[in-house]
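Examining the three-dimensional arrangement
Listed here are the chains, written in short residue letters.
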Amino acid sequence: MTGSFIEKMKAKVKRMKQDTLALYYAYQHPATPFIAKLLIGITIGYLLSPIDLIPDFIPVIGLLDDLLIVPFLIVVSIRLIPKEIWPESKLKAAQSPIILNKNNWLFASLIVAIWLALLFFFFRLFKNRHLGTKNGI
């Protein structure tokens, strides 16, 4: 039973890696819409960033982003790609595999900037709704 579960998980991880590479090729396709490219960029950036939303060293919860957020981002990104581009991108990923480097600090900086922007946005929203504003600040 355990061997079967481990084999299924290995297959899913392999498929997720293949889909990530296919997303990279779909991102490069000129017919991919801007909104899809934006989400693909966020997805790949998050995957390649050495910084996680929830650090992996936190027991159980630290793996939630890898088990929930990453697959969610991949699925939504794939759904935004036009139907004729996705099979082409998957084929290219299978024929021309490349290794995407996870220790890319450019992506890490981008992800940190996105998190800071989101925190700032939610802070301002909370402040305006619950604390009121003084003099329009």
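All of the points below concern the structure found in this document. (Residues numbered from 1 in each chain as written. Predicted model: local features only at pLDDT ≥ 70, side-chain atom pairs only at ≥ 80, totals over all residues. Heavy atoms only, no water.)

Here we come to the side chain of His-29. In this structure, His-29 sits in the loop between helix H1 (2-28) and helix H2 (34-48). Residues contacting His-29, with those up to four places away along its chain left out, are Lys-37, Ile-85 and Glu-88. (Helix = DSSP H or I, 4+ residues; strand = E, 2+ residues; numbered from the N terminus. Contact = heavy atoms within 4.5 Å.)

Turning to the nonpolar core, a few remarks are in order. Residues Leu-23, Ile-40 and Ile-81 are the most contacted members of the largest nonpolar core, which totals 17 residues. Those elements that provide at least two residues to this core are H1, H2, helix H3 (64-80) and helix H4 (85-95). If we skip the residues at most four places from it in the chain, Ile-40 touches Leu-23, Ala-26, Tyr-27, Thr-32, Ser-77 and Ile-81. (Core = buried A, V, L, I, M, F, W, Y, C linked by side-chain atoms within 4.5 Å. Buried < 20%, exposed > 50% of the residue type's maximum accessible area, 1.4 Å probe, protein only.)

The next subject is the layout of surface pockets. In this model, the largest pocket occupies a volume close to 950 Å³. Lining the largest pocket are 28 residues, with Val-13, Met-16, Lys-17, Thr-20 and Val-70 sitting closest to its centre. The class makeup of the residues in the lining of the largest pocket is 17 nonpolar, two polar and nine charged. (1 Å grid on protein atoms, 1.4 Å probe; cavity = no way out; pocket = protein on both sides within 12 Å on 5 of 7 lines; lining within 4 Å. Points joined across faces, edges and corners; volume = space filled by probe spheres on them. Nonpolar A, V, L, I, M, F, W, Y, C, P; charged D, E, K, R; others polar.)

A contiguous patch of positive charge, built from Lys-8, Lys-12, Arg-15 and Lys-90, is present on the exposed surface. Residue contributions to the positive patch peak at three residues, all from H1. Following the sequence through the fold, Lys-90 ends up in helix H4. Since its relative accessible area comes to 37%, Lys-90 is described here as partly exposed. (Patch = residues over 30% accessible without salt bridge, like charges linked within 9 Å, V, L, I, M, F, W, Y side chains within 5 Å. Areas by Shrake-Rupley, 256 points an atom, 1.4 Å probe, with all protein chains shown as cover. Salt bridge = Lys/Arg side-chain N within 4 Å of Asp/Glu carboxyl O. Lys, Arg positive; Asp, Glu negative; His and termini not counted. Charge placed at Lys NZ, Arg CZ, Asp CG, Glu CD.)

Okay, the packing of H2 against H3 next. As a packed pair, H2 and H3 sit with axes 9 Å apart at the nearest point and diverge in direction by 155°. Put simply, H2 runs roughly antiparallel to H3. Note on packing geometry: the crossing formed by H2 with H3 is left-handed. Within the contact between the two elements, H2 uses Ile-35, Ala-36, Leu-39, Ile-40, Thr-43, Tyr-46 and Leu-47 and H3 uses Asp-65, Ile-69, Val-70, Leu-73, Ile-74, Val-76, Ser-77 and Leu-80. Across the contact of H2 with H3, the residue classes break down as twelve nonpolar, two polar and one charged. (Axes fitted to C-alpha atoms, helices over the stretch in contact; angles between N-to-C directions. Parallel < 35°, antiparallel > 145°, perpendicular 65-115°, else oblique. Left-handed = near helix turned anticlockwise from the far one by under 90°.)

Shape is all these values report; function is a separate question.
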